[in-house]
Amino acid sequence: MDGMLSQDEINALLKGDPMGDSSEQTAKEETASAEDQELLTEAERDAIGEVANISMGTSATTLYSLVNHKVEITTPVVSLAVWQDVLDYYEKPCVFIQIKYTTGLDGHNILILKEHDVKVIADLMMGGDGTNTEGELGELHLSAISEAMNQMMGSAATSLSQMLGTTIDISPPEASLLDLVDIKQGEEVSPFLGGTFVKIAFRMQIGDLVDSSILQLYPIDFAKKLVETFIEGMGTTQSAPAPEPAPYVPPAVNPSQPMGSMNNMGGQPMMQPMMQGMQPMGMQPMMQPMAMPQGAMQNVNYQPAQFSSFAPNINPVASNENINLILDVPLQVTVELGRTSKSISEILDFAPGTIIELDKIAGEPVDVLVNGKFVAKGEVVVIEESFGIRVTEIIK
């Protein structure tokens, strides 16, 4: 009927799009996909994902040793992105960690972690249980996460070095807390963030404390160079074809000597082929005897080895002379009042006037150590204006 809308027109109006916009949007998406394919091919994305997967797998093992909690980092998702994609991905203040390659690769990349995740990692590294995440993120947290990333990415660089067959090294990472609300343009953080770049997303889990995501950002030219190095390295590290097996050469046999008889090389039987021509096809001998020239085994004399006895012969006079040689060697004597253990956070709270409780009870004998070895116990005395120690027990 005239004046009535078709079903397609009704659907378009319900979606809030004028008629024809859906096809135009599809065309735009196809154009953007073609442009992305020109910047980074599907094969290059797969190679970047493989490199990132190997790097983060090694990094997860290193992080586990630092926080003493199970760490899982999932398979990466590689895509092209612009700065607005990062703003949409993270809303709250985040920690940006810049990592520069100094050997093997020329370029840098950026890791982005959430503020809460950095607090948890820093608290675990300082001996906490990972729940002390209150308060603002300060220099102590940034130093801790920088050290964690230094070890994680250092181990990742070592894995890449072994995989690519070339030395790869990084400089110490630089961590900074950035509020993405105040940063509208990506070039304010790094020049390559002003255009299109490679975004690699991971999911990170640390025990029951963290279930979050981290981002790794690459410049496109650096990503292509990484792929090129990866492909070249994998090509050179492939195993070479096995060489052609050497023909089996039977040893020279003396017809007058019966098979398996003893020669004059210590009474060991020479290895003789059981039957020529019986070697199965496709199987190589485990050990081939070396053919020796005629006469090489003749006129060899041997005799059992003679060893002198080691009967104890102790001379007390000589022993005293030997100990006299070291009687004037100085040794470090230390008197230990007591010990205790503190976490890093407690040590950072030390100030003049802080009282530290030790594991010794008042009046209990103190320990005497010689070059770090516990040798005696004693009691503290005062000799004029100096402290002294009166030995009360020798430790046997």
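Residues numbered from 1 in each chain as written. Predicted model: local features only at pLDDT ≥ 70, side-chain atom pairs only at ≥ 80, totals over all residues. Heavy atoms only, no water.

Counting its secondary structure elements, the chain contains nine helices and 12 strands. Burial statistics for the chain: of 396 residues in total, 31% are counted as buried. A separation threshold of at least 6 residues defines the contact pool for the chain, and within that pool the share at least 24 residues apart is 61%. (Helix = DSSP H or I, 4+ residues; strand = E, 2+ residues; numbered from the N terminus. Buried < 20%, exposed > 50% of the residue type's maximum accessible area, 1.4 Å probe, protein only. Contact = heavy atoms within 4.5 Å.)

Moving on, we come to the sheet that holds strand S10 (residues 366-370). One open sheet holds the four strands; their spatial order is S9-S10-S11-S12, and the pairing between them is antiparallel. Of all strands in the sheet, those with a lone pairing partner are strand S9 (333-336) and strand S12 (386-394), marking the two edges. In this sheet, adjacent strand axes meet at a mean angle of 40 degrees when their direction is disregarded. Summarising the sheet, S10 and strand S11 (residues 373-383) pair through five bridges and their orientation is antiparallel. Counterpart to Asp-367 in the pairing with S11 is Lys-377. (Pairing = 2+ DSSP bridges. Axes fitted to C-alpha atoms, helices over the stretch in contact; angles between N-to-C directions.)

Time to look at unusual backbone geometry. Phi at Asn-68 is positive, roughly 60 degrees, even though this residue is not glycine. One can find Asn-68 in the loop between helix H3 (42-67) and strand S1 (71-73). Asn-68 gets classed as exposed once you look at its relative accessible area, which sits at 60%. At Glu-384, a position not held by glycine, the phi torsion is positive, near 55 degrees. Residue position: Glu-384 is located in the loop between S11 and S12.

So, on to a nonpolar patch on the surface. Taken together, the side chains of Val-335, Val-380, Val-382, Phe-387 and Ile-389 present a nonpolar region at the surface, about 490 Å² in accessible area. Taken together, the elements giving at least two residues each to the nonpolar patch come down to S11 and S12. (Patch = residues over 30% accessible without salt bridge, like charges linked within 9 Å, V, L, I, M, F, W, Y side chains within 5 Å. Areas by Shrake-Rupley, 256 points an atom, 1.4 Å probe, with all protein chains shown as cover. Salt bridge = Lys/Arg side-chain N within 4 Å of Asp/Glu carboxyl O.)

Glancing now at the packing of aromatic side chains. Considering all chains together, one arrives at four aromatic pairs under this definition. Taking 5.4 Å as the distance between ring centres and 80 degrees as the angle between the ring planes, the aromatic pair formed by Tyr-218 and Phe-222 counts as edge-to-face. Looking at Tyr-218, the relative accessible area reads 4%, which means it is buried. Judged by relative accessible area, Phe-222 falls into the buried class, the value being 4%. (Phe/Tyr/Trp six-rings, centres within 6.5 Å; stacked < 30°, edge-to-face > 60°.)

What follows deals with the side chain of Asn-109. Summarising the element assignment, Asn-109 is placed in strand S4 (residues 107-114). Taking the relative accessible area as the measure of exposure, Asn-109 reaches 0% and is therefore buried. At 3.5 Å, the side chain of Asn-109 forms a polar contact with the side chain of Tyr-101. Beyond its immediate sequence surroundings of up to four residues, Asn-109 is in contact with Ile-97, Gln-98, Ile-99, Tyr-101, Gln-216, Leu-217 and Tyr-218. (Polar contact = N/O pair within 3.5 Å; in protein donor to acceptor, adjacent residues only side chain to side chain.)

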